[in-house]
Amino acid sequence: MTNTSIIISSENHANKTDFTTQFSPGIHLDPYKRYGVSLIKADMYYSWTNISASQGTNIFEYSDDSGATWKQIVFTDGLYTISEINNVLPDQIDVTGIN
């Protein structure tokens, strides 16, 4: 049983990420012909943090007195969805004392 690897190269792009996938059984192609490949669907998952102290994106500031004073809510570094942020903010605003 043979394996065939397909390498998708990004060498001509500014953000370089190369992918390799293997098919088993292999795909047998005529070595004297040129072939093209089309991608129909790709599911890409990210696993980096979108809230990060090192990136300066972990502090939410608000004022309940027209900007005279400011209060902060500090998020722990992590990967948050908009829904998760929206769920945390009301609870934290209550804890920090907004009316």
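What comes next concerns the included structure. Since the structure is predicted, the reported quantities are computational estimates derived from the model, not experimental observations. (Residues numbered from 1 in each chain as written. Predicted model: local features only at pLDDT ≥ 70, side-chain atom pairs only at ≥ 80, totals over all residues. Heavy atoms only, no water.)

Glancing now at the overall build of the chain. A count of helices and strands for the chain gives 1 helix and 4 strands. Along the chain, helices and strands appear, N-terminal first, in the series β-β-β-β-α. The buried share among the 99 residues of the chain stands at 13%. Total accessible area on the chain stands at roughly 8,700 Å², and carbon and sulfur atoms take up 53% of it. (Helix = DSSP H or I, 4+ residues; strand = E, 2+ residues; numbered from the N terminus. Buried < 20%, exposed > 50% of the residue type's maximum accessible area, 1.4 Å probe, protein only. Areas by Shrake-Rupley, 256 points an atom, 1.4 Å probe, with all protein chains shown as cover.)

Right, let's talk about unusual backbone geometry for a bit. Phi is positive for Ser66, which is not a glycine, with a value near 60°. Relative to the helices and strands, Ser66 resides in the loop between β3 (59-62) and β4 (71-74).

Turning next to the nonpolar core. Counting 8 residues, the largest nonpolar core consists of Ile51, Tyr62, Ile73, Phe75, Tyr80, Ile85, Leu89 and Ile93. With 3 residues, the top contributor of residues to this core is helix α1 (residues 82-96). Apart from residues no more than four positions distant in its own chain, Ile51 is found in contact with Thr57, Asn58, Phe75, Thr76, Asp77, Gly78, Tyr80 and Ile85. (Core = buried A, V, L, I, M, F, W, Y, C linked by side-chain atoms within 4.5 Å. Contact = heavy atoms within 4.5 Å.)

The geometry of an aromatic ring pair comes down to the distance between the two centres and the angle between the two planes. Scanning the entire structure with this criterion turns up 2 aromatic pairs. Consider the rings of Phe75 and Tyr80, whose centres lie 5.5 Å apart with planes at 80°: the pair is edge-to-face. (Phe/Tyr/Trp six-rings, centres within 6.5 Å; stacked < 30°, edge-to-face > 60°.)

Another point: the side chain of Asn58. Tracing the backbone shows Asn58 in the loop between β2 (19-23) and β3. If sequence neighbours within four positions are ignored, Asn58 has contacts with Ile51, Ser52, Ala53, Ile73, Val74, Phe75 and Asp77.

None of the figures reported here should be taken as evidence of function without further support.
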